[in-house]
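Per-entry structural report
The lines below spell out each chain.
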Amino acid sequence: MAKNPREKVDPNKYLKNKDIQAESKLSVLIAVIKMGLVLAGIAGIAMEFFRDGGWLKSALAWLFDSTEHMMFIPVIIFVMWLLNRIFSAAGKGETKKSGDFPMYIMMAIGAYYIFLYLTAA
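Just so it is clear, the structure is predicted and the values come from calculations on it, not from any experiment.

1. A look at the overall build of the chain
For the chain, the helix and strand inventory stands at five helices and zero strands. In the chain, the succession of helices and strands from N to C terminus is α-α-α-α-α. Counting over 121 residues, the chain shows a buried share of 10%. Nonlocal contacts in the chain, meaning residues at least 24 apart in sequence, comprise 48% of its contacts between residues at least 6 apart. Accessible area of the chain: about 10,900 Å², with a carbon and sulfur share of 68%.

2. Considerations on the packing of aromatic side chains
Overall, the coordinates contain five aromatic pairs when judged by the stated rule. Among the aromatic residues, those joined into a ring-pair cluster are Phe-49, Phe-50 and Trp-55.

3. Details of the pattern of salt bridges
Tallied over the full model, the rule gives one salt bridge. Among the ionic pairs, Glu-48 bridges to Arg-51, the shortest N-O distance being 3.1 Å. Among the residues examined, Glu-48 registers a relative accessible area of 18% and is labelled buried.

4. Thoughts on a nonpolar patch on the surface
A surface patch of nonpolar side chains, about 1,000 Å² in accessible area, is lined by Trp-62, Phe-72, Val-75, Ile-76, Phe-78, Val-79, Met-80, Trp-81, Leu-82, Leu-83 and Ile-86. A per-element tally of the nonpolar patch places helix α4 (residues 72–87) first, with 10 residues. Note that Ile-76 resides in helix α4. We classify Ile-76 as partly exposed; its relative accessible area is 38%.

5. Section: the environment of Met-103
Mapped onto the elements of the fold, Met-103 is located in helix α5 (residues 101–120). For Met-103, a relative accessible area of 30% corresponds to the partly exposed category. Sequence separation between Met-103 and Leu-37 is 66 residues; the distance between their C-alpha atoms is 9.5 Å.

6. Section: the packing of helix α1 (residues 25–50) against α5
With their axes 7 Å apart at the nearest point, α1 and α5 run at an angle of 70 degrees to one another. Relative to α5, α1 is oriented roughly perpendicular. Residues Lys-34, Leu-37, Val-38, Ala-40, Gly-41, Ile-42, Gly-44, Ile-45 and Glu-48 of α1 form the contact with α5, whose own contacting residues are Met-103, Tyr-104, Met-106, Met-107, Ile-109, Gly-110, Ala-111, Tyr-113 and Ile-114. A breakdown of the residues in the contact of α1 with α5 according to their chemical character gives 13 nonpolar, three polar and two charged.

7. Overview of the environment of Ile-42
Note on placement: Ile-42 falls in helix α1. The class for Ile-42 is partly exposed, based on a relative accessible area of 43%. Distance in space between the C-alpha atoms of Ile-42 and Gly-110 is 7.2 Å, their sequence separation being 68 residues.

Calculation notes
- Throughout, a residue's number is its position along its own chain's written sequence, starting from 1.
- Confidence filtering applies because this is a predicted model: local features only for residues at pLDDT of at least 70, side-chain atom pairs given and counted only at 80 or more, and all residues used for totals across whole chains, interfaces and linings.
- Computation of side-chain values covers all heavy atoms of the structure but excludes hydrogens and water.
- Each helix is a run of DSSP H or I of at least 4 residues and each strand a run of E of at least 2, with the numbering of both proceeding from the N terminus.
- Categorising residues by exposure relies on relative accessible area from a 1.4 Å probe, with only protein chains included: less than 20% of the type maximum marks a residue as buried, more than 50% marks it as exposed, and the intermediate range marks it as partly exposed.
- By definition, residues are in contact when any of their heavy atoms lie within 4.5 Å.
- Residue exposure ignores everything except the shown protein chains as possible cover, and the areas themselves are Shrake-Rupley values with a 1.4 Å probe.
- Here is the rule: rings of Phe, Tyr and Trp (six-membered ring for Trp) pair when centre to centre is within 6.5 Å. Planes less than 30 degrees apart are stacked, more than 60 are edge-to-face, and the remainder are tilted.
- Salt bridge, as used here: a side-chain nitrogen of Lys or Arg that lies within 4 Å of a carboxyl oxygen of Asp or Glu.
- Grouping into patches uses exposed residues only, defined as over 30% relative accessible area, and leaves out salt-bridged ones; the cut-off is 9 Å for like charges and 5 Å for nonpolar side chains (Val, Leu, Ile, Met, Phe, Trp, Tyr).
- Angular values range over 0 to 180 degrees, each being the angle between N-to-C directions of two axes fitted as lines to C-alpha atoms, with helices fitted over their stretch in contact.
- In this scheme, roughly parallel covers angles under 35 degrees and roughly antiparallel covers those over 145, while 65 to 115 is roughly perpendicular and the rest are oblique.
- Note on residue categories: nonpolar means Ala, Val, Leu, Ile, Met, Phe, Trp, Tyr, Cys or Pro, charged means Asp, Glu, Lys or Arg, and polar means any other residue, Gly included.

Listed below in structure tokens is the structure:
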């Protein structure tokens, strides 16, 4: 529906946004570096998981090797559920600082794989 042209528009409609500052070039650069480190960490872990004789193959081979090892499956599921509860926010609008912890771990892993790549060449 079209707005009524006679309807008054508040002249101070955007006054609440007057204090919003644009992001600086430094903060954008830091965000790009963080994202690059996270992507390098994901790529490094993916390469370790899916290469021949990698982590995934050896972990699944160990897990399904015997019945005693298969009893760890509920423990693994419980630990994953517990970690999800720790790092997730309680509500939709809430944020927790502990939610940044996995990102920092992934950034450290990314820095490690970048270091390995640079020193292997």
